[in-house]
Amino acid sequence: MSLNPQELAEHFTWVDYTVFGLMLAVSAAIGIFYGLCSKKKQDTKEFLMAGKSMTTFPVAMSLIASFMSAITLLGTPAEVYQYGFLYWLIGWSYILVMPSAAYLYFPVFHKLQVTSAYEYLEIRFNRKIRWMGSFTFIIQMCLYMAIVVYAPALALSQVTGMNVYFSVSLISFVCIFYTTLGGMKAVLWTDAIQVIIMFGSVLFVIIKGTIDVGGFAYVWEKNREWGRIELVNFDPNPTTRHSIWTLVIGGYFTWIANYGVNQAQVQRYLCVRTKSMVERALWINMLGLFVLMISCAFGGLVIFARYWDCDPISAGVVSSADQLMPLFVMDILGDWKGLPGLFVAGIFAGALSTVSSGMNSLAAIVLEDFLKNGCYKTISERTSMVASKLLSLFFGLLTFALVFVAEQLGGVLSAALSIFGMVGGPLLGLFSLGMFFPWANSVGAAVGHVCGLVFMFWIGIGTQVGLATGDVAYAKKPLDVSGCNFTETTAGFSSTTAGLLPSSETSFEPTEPPSGTLGLYNLSYMWYSATGCFTVIVVGLVVSLLTGGRDLGTLDPRTLSPPLLWLRKWVPALRAVGENLNGELDELRETSTSEKDGGDLTSVITKLPPSTLDGSLKEAKTDKPPVVLDALALARDDPAKLRPSTSDSALEEGSSRMGILREEEEKEDELSEDLGVDNSAVSLDDEDEAATCNLPIPTTNL
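Everything quoted here is computed from the prediction, not taken from an experiment.

## Quick look at the overall build of the chain
- Looking only at helices and strands, the chain features 27 helices and zero strands.
- Taken across its 702 residues, the chain has 60% of its residues classed as buried.
- For the chain, restricting intrachain contacts to residue pairs at least 6 apart in sequence, the fraction spanning at least 24 positions comes to 86%.
- Surface accessibility of the chain: about 26500 Å² in total, with carbon and sulfur atoms responsible for 63%.

Next up, the structure:
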């Protein structure tokens, strides 16, 4: 076999550039439409949450695009080419992840109607825990986005000869343009289009490649001969890189950290009109992920069937396994004008979808958690809108800068999943501690989260150092170069070096890692997320126990996962959850978190009679949830806002309506009841508060 990378790159003609350019133009056009041409006024709710008006299809497509993108399209074939088909088992973890996300985690965020997922941590624990979680997410997402940008730039440099840093710049600035201009609606609709391009390009390449090399039977048999068809491995050793346990169980914790509590996904869930639409979107997403992952894994087998006797990595044709898929595309599709451009467009589409959603979610986090809830609490709507756009721009530029770090992290797939585990695992543990363990307190959450992060970074960094020094090694499947036919001028390969490269005699037996390495550094990267999660939970529970635990009577029931509320029927200890909360204040607080009033508790507290407020203040001195404490403290510091002159008739009407609401809630099954009212409460803006403070309590669509 003879391959000349320079000649292959020349096959990428103006037709391919045109196809590729059209994809970028469509993405930019969507941003222009929603940013400049849309008749609806763009505010922070519209920019960050798409006005909560999206439907199932665009959100389902966006969920697929968010965390699969170029990492999957390039990393999965490279993984299977080097280590075998066993990686396909991770697809079964998606079947566990999506129901968990839909029925264990999402309902909590839906009840609270938050913009930032980390607002939950303040309601459940306190504001410092919220800031801690937000800062951790910012680190995780910035590093991940840098990898996602670098991966397609690497691909484009291989197939076209274009400078990798020019490609990085192109991806970054197109993404910055349409995300900053169009907001979340532009992100969701570009994601939907980009997912279609991703699927179309990948499926065409794999089908065409399978036909060219001799059909499915040939691909399967050639990989079986070389030991790459390994469908299952039951080895329970946690240092085994891939097994059914690491890929299904470890994969579950890796992906539930993304689909259960990650801001980028939670923000999408809350852009949708109804709860049932989100659940349908997650099931569609599960099917799409499974098909895409299996297709890319099979693509690795097809690539090996093409180059089984001439490994492009050993021969120096490509410098990294992540370049195998682009090389394969140019090899089999180089004479088909426009199709290489379609593939490159698919790779770029995956990167754009992930980075755009990351930029938007990071802007929401900083605005809600650090500006509105920190250093600039009186920020106006207009200033918030400007800040959102500037924050999107800032994180886009930061991602561009961090690409130079991502370049040093090795294979894009393992690097991305390692970051998810090192950072996402402790974050998953923090949310799970709050949702599933009502006795955990803020001290336990803080100590557990810090311990989880330190422990996982110790393992992750130690492993990277071990890989660089050779103290940590993973056995790869055998490769061969006996069929290569290169010259020194085309690929740097000659007969002189042939004897130094692997041949068909390469051993099938795995090699043992060098002795003297700390055992934890050999832990499979697929266990990182689970390890980080359980570290936080175990340490958090122990510290909570030692520091007195949590008073269940003052715990907001909405912060617990639905199974915990269901178990209250049979577990006496759980029946105490929320029993000391003032009924009227609780109903008003639920109303205040509806989508229209933006969570302004202070404006709603003005409707409480003085007697109710006094009783609530007494309870608040013990262990009130943080959101209530903040609002009550604000009202107490400014007595003028209490307005005890509220009309008696309005209060009686509101009280009677709340009584009806409680009777209706008692009839519902606790597993499915929504402890908050429908998202239709009357908006109480700052400038209108004085004029509306004497209105009856809003009870629309109860």
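## Side note on the pattern of salt bridges
- All chains considered together, the criterion is met by twelve salt bridges.
- When the shortest N-O distance is used, the salt bridge between Asp 212 and Lys 208 registers 2.5 Å. Of this pair, Asp 212 and Lys 208 both sit in helix 8 (residues 164-213), four residues apart, which is roughly one turn of the helix.
- Each of Glu 122, Arg 127, Arg 130 and Asp 369 takes part in a single network of salt bridges with overlapping partners.

## Observations regarding the side chain of Ser 62
- Within the element layout of this structure, Ser 62 appears in helix 4 (residues 56-83).
- For Ser 62, a relative accessible area of 0% puts it in the buried group.
- What Ser 62 contacts, discounting residues up to four positions off in sequence, is Leu 188, Asp 191 and Arg 268.

## Quick look at the state of the cysteines
- Inspection of the entire model under this criterion finds one disulfide.
- A sulfur-sulfur separation of 2.1 Å characterises the disulfide bridge that pairs Cys 310 with Cys 484. Between Cys 310 and Cys 484, the S-S torsion sits near 110 degrees, and that sign places the bridge as right-handed. Of this pair, Cys 310 sits in the loop between helix 12 (275-307) and helix 13 (324-333) while Cys 484 sits in the loop between helix 17 (442-469) and helix 18 (488-491), and the two are 174 residues apart along the sequence. Pair check on accessibility: Cys 310 and Cys 484 agree, each one buried.

## Let's talk about the environment of Pro 238
- Note on placement: Pro 238 falls in the loop between helix 9 (216-225) and helix 10 (244-259).
- Remark: the alpha-carbon pair of Pro 238 and Tyr 525, spanning 287 residues in sequence, is separated by 9.5 Å.
- Those residues within four positions of Pro 238 in sequence are excluded, and the remaining contacts are Leu 523, Ser 524 and Trp 527.

## Quick look at helix 17
- For helix 17, built from 28 residues, the straight-helix expectation of 40 Å at 1.5 Å per residue is met to within 8% by its first-to-last C-alpha distance of 40 Å.
- Among the residues of helix 17, Gly 444, Ala 445, Gly 448, His 449, Gly 452, Leu 453, Met 456, Ile 459, Gly 460, Gly 462, Thr 463 and Gly 466 are the ones counted as buried.
- The N-terminus of helix 17 is capped by Asn 441, whose side-chain oxygen sits 3.3 Å from the backbone nitrogen of Val 443.
- At the C-terminal side of helix 17, Gly 470 shows a positive phi close to 90 degrees.

## Some details on the nonpolar core
- In terms of nonpolar packing, the biggest core is built from 176 residues, with Met 23, Tyr 259, Tyr 269, Leu 282 and Phe 431 touching the most fellow members.
- A per-element tally of this core places helix 8 first, with 19 residues.
- Those residues within four positions of Met 23 in sequence are excluded, and the remaining contacts are Ile 197, Ala 345, Phe 348, Ala 349 and Leu 352.
- Counting seven residues, the second largest nonpolar core, distinct from the first, contains Leu 552, Leu 555, Leu 565 and Leu 574.

## Some details on helix 13
- Judged by how many residues are buried, helix 13 sits mostly within the fold: ten of ten residues are covered.
- Taken as a whole, helix 13 has its buried residues at Leu 324, Met 325, Pro 326, Leu 327, Phe 328, Val 329, Met 330, Asp 331, Ile 332 and Leu 333.

## With respect to the packing of aromatic side chains
- Taken as a whole and assessed by the stated rule, the structure comprises 29 aromatic pairs.
- A ring pair is formed by Trp 255 and Tyr 259, whose centres lie 6.4 Å apart and whose planes are at 45 degrees; its orientation type is tilted. Of this pair, Trp 255 and Tyr 259 both sit in helix 10, four residues apart, roughly one helical turn. When sorted by exposure, Trp 255 lands in the same class as Tyr 259, which is buried.
- Taken together, Phe 85, Trp 88, Trp 92, Phe 216, Trp 220, Phe 290 and Phe 298 form an aromatic cluster joined through their ring pairs.
- Directly above the ring of Trp 308 sits Lys 222, whose terminal nitrogen or CZ lies 3.9 Å from the centroid.

## Re the environment of Thr 44
- Looking at the element boundaries, Thr 44 is found in helix 3 (residues 44-49).
- We classify Thr 44 as buried; its relative accessible area is 8%.
- As a C-alpha pair, Thr 44 and Ala 364 span 320 residues in sequence and 8.9 Å in three-dimensional space.
- Setting aside chain neighbours within four positions, we find Thr 44 in contact with Met 49, Leu 367, Lys 372, Glu 381, Ser 384, Met 385 and Ser 388.

## Focus on unusual backbone geometry
- Backbone geometry places Gln 113, a non-glycine residue, at a positive phi of 50 degrees.
- When you line up the elements, Gln 113 lands in the loop between helix 5 (90-112) and helix 6 (119-124).

## A short note on the packing of helix 5 against helix 12
- Packing of helix 5 against helix 12 brings their axes to within 10 Å, and their N-to-C directions diverge by 160 degrees. In terms of orientation, helix 5 and helix 12 fall into the roughly antiparallel class. For helix 5 against helix 12, the interelement crossing comes out right-handed.
- Across the contact of helix 5 with helix 12, the residue classes break down as 18 nonpolar, three polar and two charged.

## A few points about the packing of helix 8 against helix 14 (residues 339-375)
- Their axes nearest at 5 Å, the elements helix 8 and helix 14 cross at an angle of 135 degrees. Classified by the angle between their axes, helix 8 and helix 14 sit oblique to one another. Once helix 8 is placed against helix 14, the crossing between them reads as left-handed.
- Partitioned by chemical class, the residues of the contact of helix 8 with helix 14 number 21 nonpolar, twelve polar and one charged.

## Examining a nonpolar patch on the surface
- Among the surface-exposed residues, Phe 173, Val 386, Leu 390, Leu 393 and Leu 397 lie close enough to one another that they form a single nonpolar patch of about 430 Å² accessible area.
- Take the nonpolar patch: its biggest share by element is four residues, from helix 15 (residues 381-406).
- Within the secondary structure layout, Val 386 lies in helix 15.

## A closer look at the confidence of the model for the chain
- Looking at the chain as a whole, its pLDDT mean stands at 75, while 73% of the residues score no less than 70.
- Within the chain, helix 19 (residues 495-498) has the poorest average pLDDT of any element, 33, and helix 20 (residues 528-546) the best, 95.
- Across residues 487-516, confidence stays below pLDDT 50; counting only partners more than four residues off in sequence or on other chains, it has 41 contacts.
- Below pLDDT 50 for its whole length, residues 588-702 participates in 166 contacts with residues either more than four positions away or in separate chains.

## Concerning the environment of Leu 270
- As for its placement among the helices and strands, Leu 270 is situated in the loop between helix 11 (263-269) and helix 12.
- When the C-alpha positions of Leu 270 and Ala 50 are compared, they lie 9.2 Å apart, and in sequence the two are 220 residues distant.
- If we ignore the near neighbours within four places in the chain, the residues touching Leu 270 are Met 49, Lys 52, Phe 106, Phe 109, His 110, Gln 113 and Val 114.

What counts and how
- Residues numbered from 1 in each chain as written.
- Predicted model: local features only at pLDDT ≥ 70, side-chain atom pairs only at ≥ 80, totals over all residues.
- Heavy atoms only, no water.
- Helix = DSSP H or I, 4+ residues; strand = E, 2+ residues; numbered from the N terminus.
- Buried < 20%, exposed > 50% of the residue type's maximum accessible area, 1.4 Å probe, protein only.
- Contact = heavy atoms within 4.5 Å.
- Areas by Shrake-Rupley, 256 points an atom, 1.4 Å probe, with all protein chains shown as cover.
- Salt bridge = Lys/Arg side-chain N within 4 Å of Asp/Glu carboxyl O.
- Disulfide = S-S within 2.5 Å.
- Expected span 1.5 Å × (residues − 1).
- Polar contact = N/O pair within 3.5 Å; in protein donor to acceptor, adjacent residues only side chain to side chain.
- Core = buried A, V, L, I, M, F, W, Y, C linked by side-chain atoms within 4.5 Å.
- Phe/Tyr/Trp six-rings, centres within 6.5 Å; stacked < 30°, edge-to-face > 60°.
- Lys NZ or Arg CZ within 6 Å of the ring centre and 35° of its normal.
- Axes fitted to C-alpha atoms, helices over the stretch in contact; angles between N-to-C directions.
- Parallel < 35°, antiparallel > 145°, perpendicular 65-115°, else oblique.
- Left-handed = near helix turned anticlockwise from the far one by under 90°.
- Nonpolar A, V, L, I, M, F, W, Y, C, P; charged D, E, K, R; others polar.
- Patch = residues over 30% accessible without salt bridge, like charges linked within 9 Å, V, L, I, M, F, W, Y side chains within 5 Å.
- pLDDT = per-residue confidence, 0-100.

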